[in-house]
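What the coordinates show
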Amino acid sequence: MHELNWGLPVILYLFLAGLGAGAVTVSGSVLLRKGGFHDSRMDIARYGALIGPIPVMLGTFLIVFELGQPFRALNLFKMINLSPMSIGTWALALFIILSGLYAICFIPRQATWPWLGKARRVLAWLCVPLGISVAIYTGVLLGAMPARPFWNSPILAGLFVLSALSTGTAAIMLTVALFGEKSAEHREGRENDQYLLVSSDALLLGGEMLVIFLFLMFAHLTIGDVRHAVEVILPGGSLASLFWWGVVLIGILFPFVMELFQVVPKLLYGRTFRSSLVLEVAVALSVLAGGFALRYIIVVAGQVTGPTTL
Amino acid sequence: MNDQEKPDTSRRGFVQLLAGGAVAATAASALGSLAPAGGAESTAKQSRIQYGMLIDTRRCIGCHSCSVACKAEFDVPLGVNKSWVEYTEKGTFPNVNRHFLPRLCNHCSEPQCVAVCPTGATYKRPQDGIVVVDSGLCIGCKYCIQACPYDARFLNPVTNFADKCDFCIHRVSKGLLPSCVNSCIGGARIFGDVNDPESEISRQIAANAVTVLRPGKGTEPNVYYIEADITEQAENSDGSYRVRVTTHRSIKERR
Ligand code: SF4
Ligand code: SF4
Ligand code: SF4
């Protein structure tokens with residue numbers, strides 16, 4: 001058996017930090033997009049800002065205790081070098097501070113003071129690139145090692161960003177569905193919000209499908225280390241059932257089809273968008289479960305496989 | 001042995017000061033992979049000592065003296081090894097054979113463990129090319145353990161730092177041979193400066209057909225082998241002959 005040097009804390013960190021960074025990035029982008037947006041879009045920005053920093057902090061807390069020397073974690077800030085972990089740590093620290101401030105700016109619903117609206121925008125400008133950095137660096141970190149053929153691919157970073165944005169969107173979707181204003185006069189605004197979220201998430205899931213397809217196709221067409229490594233998730237491999245059921249079916253195909261089912265009537269035929277609470281919750285939960293399964297598969301598969309020749 | 005004789009890895013700060021300021025040196029090493037090395041650095045790279053090892057597997061009898069000597073030298077905890085011997089058994093009776101492959105850190109010239117270390121705890125000593133872990137900086141993040149293509153590193157279960165072979169700096173700096181070389185009953189291990197063309201190791205490397213492990217990973221190992229059998233168990237799949245690799249480690253499979 002191979003040794004798993006990185007276990008559940010790392011998997012949870014990748015999932016939670018990706019989710020949180022994704023939610024803040026989505027929130028910031030929605031806030032910064034000028035014009036054409038209904039007032040209620042503020043809700044997306046607000047919920048994303050409020051829920052985003054929490055999972056990032058939780059994941060960071062967990063990963064510190066995966067270290068052999070948790071109480072030395074601050075050594076990371078004694079220097080900065082070209083290690084993806086070093087750059088990522090600095091980005092993560094900045095992100096936690098700034099997204100925390102960004103969240104605080106959203107505690108009052110209305111920007112009653114003019115400076116508050118300005119502060120939100122400035123922080124959003126900072127949080128969007130930082131959120132993407134936090135989402136992407138973990139993929140670069142894993143992808144940088146020729147010793148780990150399953151990870152050693154630039155496309156992994158792309159997959160991580162897409163999965164972070166889509167789990168972040170799903171988290172906002174879930175929050176809006178559960179805690180959003182449900183009164184009749186807000187109905188239209190709320191459905192507008194859900195339409196934006198659902199259609200963006202469908203796009204992101206489509207992107208994930210494409211990246212996973214490319215990953216599998218290249219791995220399958222090549223020979224040697226990468227081919228051998230990817231066999232753990234191909235039918236017959238030890239992680240195949242979790243990958244195909246958990247990631248592909250529950251995490252991507254089911255929510256993707258459901259989202260298309262909701263979005264297409266409005267997108268193509270201009271009908272009114274109808275959302276249902278049950279569907280929103282189910283779709284969001286399956287995206288989140290799939291996001292976790294994806295991180296699990298990738299972290300484990302990378303460690304149980306290795307180069308085939310000495 | 002008292003503590004003072006242990007390798008003093010914290011002297012690196014001093015070395016960097018010599019190299020023209022600790023900050024400049026850190027920046028230079030950080031940017032080393034971006035910018036082509038300057039003239040001064042490349043000459044330094046050629047002229048300095050690079051310790052290496054040549055393992056003549058024809059002389060190895062698989063006795064594990066090296067593994068035991070290394071364990072004793074460093075009090076390496078149960079379940080982990082800085083030095084180990086793998087057995088490769090292959091063939092179908094009566095055409096069978098068993099080869100021995102002693103393993104240790106390769107003190108690579110392009111060590112990926114160094115490239116990924118976020119704290120600078122793992123570094124290649126400029127004076128002798130030995131790759132070491134500064135236990136004062138290491139946070140135990142295990143990135144280097146993941147990145148080493150030879151599985152030469154482990155998290156020391158007692159100290160919780162990344163750990164591995166350090167070419168017995170404490171012995172070598174006093175003119176002694178590394179413990180595993182000293183104890184090898186077959187005389188299979190030659191230790192020395194591979195950058196010095198007059199050294200025994202350089203002459204043997206020139207005179208024999210030698211290989212390094214996983215040359216394709218680009219790490220440029222400094223542990224050389226004569227007649228290393230690198231057959232893998234995965235080659236068993238077509239069933240034409242049997243292969244069994246025994247690593248003699250708690251990590252049962254090669255990676
Ligand atoms: S063998 Fe591994 S641990 Fe040793 S220098 Fe090379 S990459 Fe680093
Ligand atoms: S475990 Fe220690 S030596 Fe290895 S990469 Fe992390 S900080 Fe560096
Ligand atoms: S050189 Fe020293 S530390 Fe390295 S394997 Fe030999 S005895 Fe162990």
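Residues numbered from 1 in each chain as written. Chains lettered and ligands numbered in written order. Predicted model: local features only at pLDDT ≥ 70, side-chain atom pairs only at ≥ 80, totals over all residues. Heavy atoms only, no water.

This part is about the overall build of chain B. Per the secondary structure count, chain B includes 9 helices and 11 strands. Expressed as a percentage of its 255 residues, the buried residues of chain B come to 51%. If you take every contact in chain B between residues at least 6 apart in sequence, the share linking residues at least 24 apart comes to 61%. For chain B, the accessible area works out to roughly 12,000 Å², and carbon and sulfur atoms hold 55% of it. (Helix = DSSP H or I, 4+ residues; strand = E, 2+ residues; numbered from the N terminus. Buried < 20%, exposed > 50% of the residue type's maximum accessible area, 1.4 Å probe, protein only. Contact = heavy atoms within 4.5 Å. Areas by Shrake-Rupley, 256 points an atom, 1.4 Å probe, with all protein chains shown as cover.)

Take the interface of chain A and chain B next. Listed per partner, the contact involves 34 residues of chain A and 42 residues of chain B. In total, chain A and chain B occlude about 3,400 Å² of area from one another, counting both sides; carbon and sulfur atoms represent 58% of this. The interface formed by chain A and chain B contains 2 salt bridges. For the salt bridge of A:Glu66 with B:Lys142, the shortest nitrogen-to-oxygen distance reads 2.7 Å. Counting the contacts that link chain A with chain B gives 22 residue pairs in polar contact (both at pLDDT 80 or more). Ranked by residue count, the leading element in the side of chain A that touches chain B is helix 4 (residues 84–105) of chain A, at 3 residues. When the residues that make up the side of chain A that touches chain B are grouped by side-chain class, the tally is 17 nonpolar, 11 polar and 6 charged. (Buried area = accessible area lost by both parts, 1.4 Å probe. Salt bridge = Lys/Arg side-chain N within 4 Å of Asp/Glu carboxyl O. Polar contact = N/O pair within 3.5 Å; in protein donor to acceptor, adjacent residues only side chain to side chain. Nonpolar A, V, L, I, M, F, W, Y, C, P; charged D, E, K, R; others polar.)

Residues and elements named next belong to chain B. Taken together, Cys70, Phe74, Lys82, Ser83, Leu104, Cys165, Asp166, Phe167, Cys168, Pro178, Ser179 and Cys180 make up all the residues around ligand 3. Elements represented by at least two residues in the shell around ligand 3 include exactly helix 4 (65–74) and helix 8 (179–183). Taken together, the residues of the shell around ligand 3 break down into 8 nonpolar, 2 polar and 2 charged. (Near = heavy atom within 4 Å.)

The immediate surroundings of ligand 1 are formed by 13 residues, with B:Cys105, B:Cys108, B:Cys113, B:Cys148 and B:Arg153 found nearest. Residue composition of the shell around ligand 1, by class: 8 nonpolar, 3 polar and 2 charged.

This part is about the environment of B:Gly218. Residues and elements named next belong to chain B. Mapped onto the fold, Gly218 is located in the loop between strand 9 (210–211) and strand 10 (223–226). Judged by its relative accessible area of 40%, Gly218 falls in the partly exposed class. Separated by 106 residues in sequence, Gly218 and Gln112 place their C-alpha atoms 9.0 Å apart.

Here the focus is the packing of aromatic side chains. In the structure shown here, the tally under the stated rule is 14 aromatic pairs over all chains. Residues B:Tyr51 and B:Phe191 carry aromatic rings whose centres are separated by 5.0 Å and whose planes lie at 25° to one another, so their mutual orientation is stacked. Of the two residues, B:Tyr51 is situated in strand 1 (residues 51–56) and B:Phe191 in strand 8 (residues 189–193); the sequence distance between them amounts to 140 residues. Accessibility expressed as a relative area gives 12% for B:Phe191, which makes it buried. Every member of this aromatic cluster is reached through a ring pair, and the members are A:Trp6, A:Trp151 and B:Tyr143. Over the face of the ring belonging to B:Phe74 we find B:Lys82, whose NZ or CZ atom lies 3.7 Å from the ring centre. The ring of B:Trp84 has B:Arg249 lying over it, and the distance from NZ or CZ to the ring centre is 3.5 Å. (Phe/Tyr/Trp six-rings, centres within 6.5 Å; stacked < 30°, edge-to-face > 60°. Lys NZ or Arg CZ within 6 Å of the ring centre and 35° of its normal.)

Attention shifts here to unusual backbone geometry. In most cases, non-glycine residues show a negative phi, while peptide bonds are predominantly trans. Residues and elements named next belong to chain B. For the peptide bond that leads from Phe93 to Pro94, omega is 5°, which places it in the cis range. Even without a glycine there, the phi angle at Asp151 is positive, about 55°. With respect to the element layout, Asp151 can be found in the loop between helix 6 (143–147) and strand 6 (154–155). Of note, the phi angle at Glu227 is positive, near 55°, even though the residue is not glycine. You can see Glu227 is positioned in the loop between strand 10 and strand 11 (243–246). Classification of Glu227 by relative accessible area gives exposed; the value is 53%.

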